[in-house]
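Survey of secondary and tertiary structure
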Amino acid sequence: WSRRALRILPPYLLVMVVCALIAPFVLVLPREYEAFANEMGYSAIMLANHLFLNQQGYFDTGADTKVLLHLWSLAIEEQFYIFAPLILAALSLLRQRLFVLTVLALFVASFIACIYRTGAVGDKNYSFFMMPLRAWEFIAGGIIAAAVPLFVRLPRIAIEFIAAVGLGAIIYAATIFTESTP
């Protein structure tokens, strides 16, 4: 926690301070100042994602006036880093096999919920702004990190194949996906 906090919080706070210093020169209308004050308050307590979820949406016409909109993702990350260690500590009481199965179940549940809530017509974009629906991404990262010792035992050709498949997936997504891709 402390290493992650020391890496994220100083630049996070710097962005907030710089935005607060620049805001009087950029914001004009009283409602812009009020919206900015809300953004500062929610961002300060790492809940900016909830504020933006409850507003019109990420892609609405007012997104360019949301000064701290970019902090939604760090809020999700910090929320995960608050809850994940507590959940892992509770799960550590389980036998190893049950622990692994429970973590995998949490991964699957988060992933399925994220897919289910993505693009729901007339719905708020919960899968974009809510930490539990994005937890699968963090869990996947943890699974990959835990699997590294197993991967280093593989033959070099297998490691290079896995890397090529990953790179291919990134290139595919970057070149084929458009704004109309489900």
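Worth saying up front: this structure is predicted, and the values here are computed from it rather than measured. (Residues numbered from 1 in each chain as written. Predicted model: local features only at pLDDT ≥ 70, side-chain atom pairs only at ≥ 80, totals over all residues. Heavy atoms only, no water.)

**Details of a nonpolar patch on the surface**
Judged by side-chain polarity, Leu14, Val17, Val18, Leu21, Ile22, Phe25 and Val26 come together as a nonpolar surface patch covering roughly 720 Å² of accessible area. Here Val18 is to be found in helix H1 (residues 2-26). (Patch = residues over 30% accessible without salt bridge, like charges linked within 9 Å, V, L, I, M, F, W, Y side chains within 5 Å. Areas by Shrake-Rupley, 256 points an atom, 1.4 Å probe, with all protein chains shown as cover. Salt bridge = Lys/Arg side-chain N within 4 Å of Asp/Glu carboxyl O. Helix = DSSP H or I, 4+ residues; strand = E, 2+ residues; numbered from the N terminus.)

**Quick look at the side chain of Glu77**
Note that Glu77 resides in helix H4 (residues 72-91). On the basis of relative accessibility, which here comes to 11%, the residue Glu77 falls in the buried class. Excluding residues that lie within four positions of it along the chain, Glu77 makes contacts with Arg4, Ile8 and Phe138. (Buried < 20%, exposed > 50% of the residue type's maximum accessible area, 1.4 Å probe, protein only. Contact = heavy atoms within 4.5 Å.)

**Things to note about the packing of aromatic side chains**
Applying the stated criterion to the full structure yields ten aromatic pairs. Arranged with centres 4.8 Å apart and planes meeting at 75 degrees, the rings of Phe111 and Trp136 form a pair that is edge-to-face. Of this pair, Phe111 sits in helix H5 (residues 96-117) while Trp136 sits in helix H7 (residues 131-151), placing them 25 residues apart in sequence. Centre to centre, the rings of Tyr172 and Phe177 are 5.9 Å apart; their planes meet at 80 degrees, and the pair counts as edge-to-face. Residue Phe177 is classed as partly exposed on the basis of its relative accessible area, which comes to 46%. Here the aromatic cluster, defined as three or more aromatic residues joined through ring pairs, consists of Trp72, Phe128 and Phe129. The ring of Phe128 has Arg134 lying over it, and the distance from NZ or CZ to the ring centre is 5.5 Å. (Phe/Tyr/Trp six-rings, centres within 6.5 Å; stacked < 30°, edge-to-face > 60°. Lys NZ or Arg CZ within 6 Å of the ring centre and 35° of its normal.)

As far as function goes, none of this settles anything; it's purely spatial.
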